[in-house]
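Structural overview
Chain by chain, the residues:
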Amino acid sequence: MGGSRWVAVAVALAMGVWTGGCERPASHQARTGFAARPELLEFGASALGRTKAMKLRLANQGRASYRVEGARSSLPNVSIPPFEPFTLSAGAEQEIEVRFTPDVEGDVQGQLEVLTDASGESVAQVPVTGRGVKALVEVPETALDFGNVSLGLVEMREVTVRNPSDVESPLVVSVHGSDADQFSAGAELPSVLAPHETRKVPVAFSPVRLGPAQAAVHVTVCEGCEPAVVTLAGTGVASMLEVTPLRVDFGRVAVGATAEARITVRNQGSEALSYKGAALLEDPSGVFKVVSAPVLSNDLLPPGAVAEVRVSFTPVATGRVRDGRVEVAVRKPDTTSPGPKVSLAGEGGASCVEVTPARLDFGAVAFGMTATRDVTVHNHCRDEAAVTGLALTTRTGGYFTLAQPPASLPVAPGSSVKVGLTFSPRVGLTGESGGQLTVTTSHAGATATDGVELAGEGRAFPPCEYVLPPSLDFGQVPVGSKVALGVTLRNTGTQACYLSALQLASGSDGTFQAEPVGHRVLAPGKKATLVVRFQPDVEGAFQGLAEGWVSHPTLGHPLVSLSGRGVQGCFSVQPTTVDFGLSRLSCGARTREFMAYNDCPGDVKVTGMTLVQPGPEFAVSGPLPATLPAGARVKLTAKYTPREEGDDAATVRFTLADGTVYNAGLLARALSKTDQTDRFFQEAEAKVDVLFVIDNSGSMMEEQQSLGANFSAFLSAATAARVDYRIGVTTTGLDPSPGGWSECPGGALGGENGRLFPVDGSSPRIITPETPNAAQVFATNTQVGVCHWNEQGLDAAWRALSDPLLYNLDDPRTPQSADGNGGFLRQDAKLAIIALSDEEDFSSQPVAFYETYFLALKGNDPAKVTFNAVVGPEDLSTCPTSSSSGTRYMALAQKLGGVVDSICTPNWAASLEKLSESAFGPNRNFPLTQKPADAGALTVRVDGAPVADGWTYDARTNAVIFDRQRAPMPGALVEVTYPLGCP
């Protein structure tokens, strides 16, 4: 909004505008300085039938006083409450209120007029815009700052969303921005907010890179509206460690050549850091290398010391390579926190200046005509580059020419320039034409040459038979409002027709705007539409010209005159343009509403309402023509039925009794796409970290024994797939038991508070494939005791996987030694959490909080996290030993794609086998990007072969889920095709 600036309009004092007062003596005339803040009143999205108010501040920046007599609006749904006239002396200010109450959906634009007793220009104008929407979601927060967060940890915040309306409002939350991979917002939220419902959305920041991170949470406030935006900020830190740079971009390096760069690691703290060199974590293109990393005494980086790591880039092909990452193994002693990671980027080629596309195809072009396309030169360098040479070579066929002089073109860092090319086929020479554009660039004293292959085809087209209206009259349009109408050229012949271009002609008044329509071949009956927008800024008449070029010996340059008039009238139509947006041909008709207003002091007779369009796509209905009494509002309905791909436009023309004409535009774009194909690659899960959360209340003794006795069944899938696992156990107890009939072993009196059991180290706390007698160790670690009474399993899992336990070998809050969870969670491993309890969870946060947190630990990849629940079932009659249903555990398991089983399972071996497949097996859950129109029409292919069974579609999660024994093998390509639904 322009509210941060003052707009001064010089106004000379004169006679009253509304009061008809006496003329002032010339001796009283002086210069005044009218100012309004903001300069543009932007109401934004506003719920239908609800009033949004804004303040407009008026000020006098001149030396003489002037009087404000009143204010009025050109829009019927924007009003100014009555106020007493007032005088503004030099330097004085006063606010007036402006209200917006939309009646129908759509954009409105107009002007607010402030009337004074000044001479000359006695009316000051302030533009007004707004958008009517059906419902609205409010988001009070505008920004969240997570502060400094250590790498590998997760910090949580909340965003509030509330629905102030009396109807359901859609709720869609997403994260956007360059660092969106480090932030996440609550998944599996409901699709709508109930009337007057308020909900807290958890937001997580889990830095994977050092340095500042920025993103934004977008909350959809209503269909078709701009989202509410909450900016996110945080900084990934690694104690007192400085690593520069955090991203090494080698730029463009010649194929086969090697470029080197340095990464500096500095210990800015007062304690030595553990240091064990550096290693490549990712190098998908095989082009990066750690050239050298110093070996330090005792593997320690002393305070103030610096280590320098050298990395290299050797491209093997032209083009940008996939990013790599190098990890510097430096961290605080006695922790397992991840070391800082530096991204590596580069491109194979001759320079850091990129020329795109590599091949430019003009397609078919009519003999005697031309087609124009652009080549773009991008400067990816850190400083200015230049295009120093352009050369064209035509090898075969027609003529390729430059649309501009081959002069030197500077290209600023990070920007681009376009080089225009034209293709003119050689008359009579059919077949493909070929050529090459050579682009020479210079940067930092070096030159590079890129080639662009050119192609085109000369074709003889018969004289184009077409229809095109000779003129397009926008009629009377309220000042500040925008009307969009279409200039449609249709091929009425029986053969294909060539259109070279359709655009606004140079010299048209600036109130007309249009995006050009490029060259194309029009099949018989097909059309091209130029959408022209007219927005008058003052009263008066405006003119323009639209022009096209088609294949015709004498009528090849059709022209369409454009005209319109800006007015300050009391009759209006809102929105002035009804835009249906994108519509699929298979979805049939859509309807939208708009309104006619009579804000005149007397009756207005509408003698005609006419729909003008080049085809049958649109229809309009409503109680017009009619005589509208003062203050009348008439609701109209527009219907759109798409018939063919492309832009459609129509004009609704309202004729008044005095002969004046007002127009409303109808716009839409039709697509023929009817289905969607989502593609997934099945990844191998070679590493899995499993956290058991076991209820240590008084009724769990038998279940703990059954769990420990069936360890081999749990490891069945892991053994078959040779999984590298780590298994740890914690309890649902957060605080030590106050004592009673039973005490819990392990050294924490049942209050593990997320620490792995046993905290006293009497048994190995992390089980791996190398753990001796692993089955006995697991049986011991699952005997956590039955001393507690307050089951808080979700909090326990969260604390086990958060600071300070997650990466520290010792919990600094407790007297026990070596009771941290460092060494359990690995960044590149899948995380499986398994909760066992015969009681409901009584943790402190909503389920969505834990979902967001656990996903953030794994980069928001749902394939990397599962939550499994062996708890009291919903039907407690089937489980008499369970005192309550574990509904919160089950809800989280459903959201994170895990197994749900009864704590009263009669066959623990079978239940643990299911848990084993969930934890260690391949991914079976493949979420779709859009909702299918018909779930029965889904088709699934694995590595190109159709798969007719062994999978199901889950409508609740909108995902294809494979049976346990039919999951795709690691490395497989999974393709799901389905028909798209309609809005």
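A brief report on the enclosed structure follows. (Residues numbered from 1 in each chain as written. Predicted model: local features only at pLDDT ≥ 70, side-chain atom pairs only at ≥ 80, totals over all residues. Heavy atoms only, no water.)

Some details on the sheet that holds strand S59 (residues 687-694)
Strand order in the open sheet formed by five strands is S60-S59-S61-S62-S63, with parallel pairing between adjacent strands. The open sheet has two free edges, formed respectively by strand S60 (724-731) and strand S63 (900-902), since each of these has just one partner strand. Each neighbouring strand pair of the sheet contributes to a mean axis angle of 15°, computed without reference to strand direction. Pairing between S59 and strand S61 (residues 830-836): seven bridges, direction parallel. Within S61, the residue paired with Leu-691 across the bridge is Ile-833. With respect to the sheet, helix H5 (residues 793-800) is in contact with S59, S60, S61 and strand S62 (865-871), its orientation differing from that of S59 by roughly 140°. The sheet strands contacting helix H7 (residues 887-895) are S61, S62 and S63, and the helix crosses S62 at an angle near 150°. (Pairing = 2+ DSSP bridges. Helix = DSSP H or I, 4+ residues; strand = E, 2+ residues; numbered from the N terminus. Axes fitted to C-alpha atoms, helices over the stretch in contact; angles between N-to-C directions. Contact = heavy atoms within 4.5 Å.)

Comments concerning the side chain of Ser-843
Relative to the assigned elements, Ser-843 resides in the loop between S61 and helix H6 (847-857). For Ser-843, the side chain forms a polar contact with the main-chain nitrogen of Leu-794, separated by 3.3 Å. Here the side chain of Ser-843 touches Asp-795 through a polar contact of 2.9 Å, landing on its backbone nitrogen. Apart from residues no more than four positions distant in its own chain, Ser-843 is found in contact with Glu-791, Gln-792, Gly-793, Leu-794, Asp-795, Tyr-850 and Arg-888. (Polar contact = N/O pair within 3.5 Å; in protein donor to acceptor, adjacent residues only side chain to side chain.)

Quick look at the state of the cysteines
By the definition in use, this model includes four disulfides. Disulfide partner of Cys-570: Cys-600, at an S-S distance of 1.8 Å. Given an S-S torsion of about 90°, the disulfide between Cys-570 and Cys-600 has right-handed geometry. Linking Cys-570 in the loop between strand S48 (559-567) and strand S49 (571-574) with Cys-600 in the loop between strand S51 (590-598) and strand S52 (604-612), this pair joins segments that are 30 residues apart in sequence. Note on cysteine connectivity: Cys-879 is disulfide-linked to Cys-904, with sulfurs 1.8 Å apart. On the sign convention where negative means left-handed, the S-S torsion of about 70° between Cys-879 and Cys-904 marks this disulfide as right-handed. In this pair, Cys-879 sits in the loop between S62 and H7 while Cys-904 sits in the loop between S63 and helix H8 (908-920), placing the two residues 25 residues apart along the sequence. Residue classification places Cys-879 among the buried residues on the basis of a relative accessible area of 0%. Take Cys-904: its relative accessible area is 23%, and that puts it in the partly exposed class. (Disulfide = S-S within 2.5 Å. Buried < 20%, exposed > 50% of the residue type's maximum accessible area, 1.4 Å probe, protein only.)

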